[in-house]
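Each chain, written out:
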Amino acid sequence: MIASTASATVRPAQTYASRTTLTPADALPAAGADVGATADHEKQRIPVSELKKLDSAELKIIAIKDIPEVRDQMATNWLNMRADEAAMATEVPDNAPQNIYATVKVDGKVVATLYNSGSSAMTNDVGAKVGNLQDLGPNGGPNLAQSRADYIAKAIGGTIEKASTAITQSQWTPRPSVSRNYSRAQLDAAFEAVMADGQKATAQRVAGYPAQQASGSYRDISA
């Protein structure tokens, strides 16, 4: 009788990288490691004996109104803000529905809108395909809107649908440029208005603080 021997696969002995066991002492800096840093720090310290007390009598408080550059900049910012607010309240924005020049569609879906001023709005996908939309019209207005519509439609394979609100170049009136050169009288009056607004806001915060304390809540009036 022949005895059969089962075959076995012998795996090589696994080897492991040696590990270093750290002790709490190993986490401490080496002796003398911070000596140089400590010495540099000591050099930068100022002895208390060399400190001098400032004479508050020599200090001079300067009001903002006595700094012409700061005062005029604050006044200019205030005037610009008021002018922008007035324009927004009275003027119809370029992207209002009544200012649509044309739309660009793909499979019947609007993917870009052009306005009579020449400005445009489009989806992110179309924007990625078109890239930087160049000023293809020299003076803006409907001519620019038409040029951009043609450019977009060609780039994405879309169709242009002109809106009933579209106007011609001769019918378009550019927005008048607003002068930002203010007179001395305007700047002075604006600065007084800025100061009045600040005093009013401070008074309102201070008046509301006791009420907040009485209700048990807290508000930082310095914010």
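The subject of this paragraph is the overall build of the chain. What the chain contains, in helices and strands, is five helices and four strands. For the chain, the succession of helices and strands along the chain, N to C, is α-α-β-β-β-α-α-β-α. Looking at the 223 residues of the chain, the share that counts as buried comes to 17%. Counting only contacts in the chain whose residues sit at least 6 apart along the sequence, the fraction spanning at least 24 positions is 59%. Entry remark: accessible area of the chain is about 17,700 Å², with carbon and sulfur atoms responsible for 55%.

As a further point, take the nonpolar core. The biggest cluster of nonpolar side chains holds 14 residues, and the ones touching the most others in it are Val104, Val111, Leu114, Val126, Val130, Ile152 and Ile156. Elements with a minimum of two residues in this core: strand 1 (100-106), strand 2 (109-115), helix 3 (124-130) and helix 4 (142-156). The element that contributes the greatest number of residues to this core is helix 4, accounting for five residues. Beyond its immediate sequence surroundings of up to four residues, Ile152 is in contact with Val104, Ala112, Leu114, Met122, Val126, Val130 and Leu133. Membership of the second largest hydrophobic core comes to six residues, among which are Ala75, Leu79, Ala190 and Phe191.

Another aspect to go through is helix 4. Spanning 15 residues, helix 4 covers 21 Å between terminal C-alpha atoms, matching the ideal 21 Å at 1.5 Å per step. Along helix 4, the positions that sit buried rather than exposed are Pro142, Leu144, Ala145, Arg148, Ala149, Ile152, Ala153 and Ile156. Projected onto a plane normal to the axis of helix 4, the buried residues spread over an arc of 160 degrees and lie on a single side. Buried residues in helix 4 make contact with strand 1, strand 2, strand 3 (120-122), helix 3 and strand 4 (159-162). One or two steps after helix 4, the chain reaches Gly157, where phi turns positive at roughly 70 degrees.

This next bit is on the sheet that holds strand 2. Consider a sheet: its strands pair through backbone hydrogen bonds, and that pairing is either parallel or antiparallel. Strand order in the open sheet formed by four strands is 3-2-1-4, with antiparallel pairing between adjacent strands. Either end of the sheet is taken by a strand with one partner, and the two such strands are strand 3 and strand 4. Pairwise comparison of adjacent strand axes, ignoring direction, gives a mean angle of 25 degrees for this sheet. For strand 1 and strand 4, the ladder comprises four bridges, and the chain directions are antiparallel. In the strand pairing of strand 4, Lys105 is matched with Thr159. Each of strand 1, strand 2, strand 3 and strand 4 touches helix 4; the most contacted strand, strand 1, lies at about 0 degrees to it.

Together, Ile62, Ile64, Ile67 and Val70 make up an exposed nonpolar region whose accessible area comes to about 310 Å². Checked against the element boundaries, Ile62 lands in the loop between helix 1 (35-44) and helix 2 (68-90).

Here we come to the pairing of strand 2. Within strand 2, five of the seven residues are buried, which leaves it mostly tucked inside the rest of the structure. Pairing of strand 1 with strand 2, which is carried by six bridges, proceeds in the antiparallel orientation. Residue pairing across strands places Val104 opposite Ala112, the latter belonging to strand 2. Between strand 1 and strand 2, which pair antiparallel and follow one another directly, the connecting turn spans two residues, one of which, Asp107, has a positive phi of 55 degrees. Where strand 2 and strand 3 come together, three bridges link them in antiparallel fashion. In the sheet register, Leu114 faces strand 3, and the bridge partner there is Ser120. Hairpin connection between strand 2 and strand 3: a loop of four residues separates the two successive antiparallel strands, and Gly118 in this loop has a positive phi of roughly 105 degrees.

What counts and how
Along each chain, residue indices are assigned from 1 in the same order as the chain's sequence is written. Side-chain atom pairs in this predicted model are given and counted only at pLDDT of 80 or more, local residue features only at pLDDT of at least 70, and totals for whole chains, interfaces and linings cover all residues. As a rule here, side-chain values come from all non-hydrogen atoms in the structure, and water together with hydrogens is ignored. Helix and strand assignments come from DSSP, with helices taken as H or I runs of at least 4 residues and strands as E runs of at least 2, each series counted from the N terminus. Relative accessibility thresholds used throughout: buried, under 20% of the residue-type maximum; exposed, over 50%; partly exposed, between the two (1.4 Å probe, protein chains only). Residue contacts are defined here by distance: any two heavy atoms, one from each residue, within 4.5 Å place the two residues in contact. All accessible areas in this document rest on Shrake-Rupley with a 1.4 Å probe, and a residue is counted as covered only by the protein chains that are shown. Residue types Ala, Val, Leu, Ile, Met, Phe, Trp, Tyr and Cys, when buried and joined through side-chain atoms within 4.5 Å, form a set referred to as a nonpolar core. To estimate how far a helix should reach, multiply one less than its number of residues by 1.5 Å. As used here, the arc belongs to the directions running from the helix axis to the C-beta atoms. By definition, two strands form a pair when at least two bridges between them are found by DSSP. Lines are fitted to the C-alpha atoms to define the axes, a helix being fitted only along its stretch in contact, and any angle between axes, read from their N-to-C directions, falls within 0 to 180 degrees. Excluding any residue in a salt bridge, patches collect residues exceeding 30% relative accessible area, merging like charges within 9 Å and nonpolar Val, Leu, Ile, Met, Phe, Trp and Tyr side chains within 5 Å. By definition, a salt bridge exists where a carboxyl oxygen of Asp or Glu is found within 4 Å of a side-chain nitrogen of Lys or Arg.

Geometric values such as these leave the question of function open.
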